[in-house]
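Here is what each chain is made of, one letter per residue.
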Amino acid sequence: FQAEDGIRDVERSRGLGDVYKRQGVWGLAFKARTDDVRESPAIRCIEKFLAAGMKVRAYDPEAGCGPLEGKIETVGDSYDALDGADALVVFTDWPEFRTPDFNLIAQNLTRPVIFDGRNLYDPCYIKKQGIEYHCIGRSAVGGRVASGCN
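Residues numbered from 1 in each chain as written. Predicted model: local features only at pLDDT ≥ 70, side-chain atom pairs only at ≥ 80, totals over all residues. Heavy atoms only, no water.

**Student:** So what's going on with the pairing of strand β1 (residues 22-26)? Which residues, and what values?
**Tutor:** Most of β1 sits out of view: four of its five residues are buried. For the crossover that starts at β1, traverses helix α3 (residues 41-51) and ends in the parallel strand β2 (residues 55-59), the hand is right-handed. Where β1 meets strand β4 (residues 87-90), four bridges bridge the pair, whose relative direction is parallel. Each bridged residue has a counterpart across the sheet, and for Val25 the counterpart in β4 is Val89. (Buried < 20%, exposed > 50% of the residue type's maximum accessible area, 1.4 Å probe, protein only. Helix = DSSP H or I, 4+ residues; strand = E, 2+ residues; numbered from the N terminus. Right-handed = clockwise from strand over helix to strand, strands pointing away. Pairing = 2+ DSSP bridges.)

**Student:** Tell me what's going on with the sheet that holds strand β3 (residues 73-74), and back it up with residues and numbers.
**Tutor:** Here we have six strands laid out as an open sheet, ordered β3-β2-β1-β4-β5-β6, and parallel in their pairing. For this open sheet the edge positions go to β3 and β6 (132-135), each flanked by a neighbour on one side alone. With two bridges joining them, β2 and β3 adopt parallel strand pairing. Considered in β3, the bridge of Ala58 is made with Thr74.

**Student:** Go over the pairing of strand β5 (residues 113-116) with me, naming the residues and quoting the values.
**Tutor:** Working note: regular strand, side chains alternate between the two faces of the sheet. In β5, alternate side chains face the same way, and those of Val113 and Phe115 on one face and Ile114 and Asp116 on the other are all buried. In this sheet, β5 lies alongside β4 in parallel orientation, the contact comprising three bridges. Bridged to Leu88 within β5 is Ile114. Pairing geometry for β5 and β6, over four bridges, is parallel. Paired with Val113 across the strands is Glu132, a residue of β6. Handedness of the crossover joining β5 and β6 through helix α6 (residues 123-128): right-handed.

Worth remembering: the numbers are spatial, not functional.
Here is the structure:
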């Protein structure tokens, strides 16, 4: 539910649907190490993305897209989900998502932006990589290094 709150806050403040037309999504399952999408915040958020006219390309190591079948594109590799995407949205805390190649993320996205529903990354580190970072319970971190980030 926190991921939904975070996405809702960004939608209100930045006009998510107006700025980010295509989302790359990592994680569909409600938690890592399962293929269960029932009660998954990812499914509910993606339904809102679709209702706002966004396109979604998603990757999950185990889960299928459940009720989103035929409505979103799924891919077999996490970085393939980023091709042509305006932003990356992380919904599930799979171990493989914890230490990604941030240079590759920034290169593959049309805009270097991550919405992290699981607080997987260090905001200062992400900012130093030149990536705008939005996460749950923390302030957004833009492309410049913020005060407090060494």
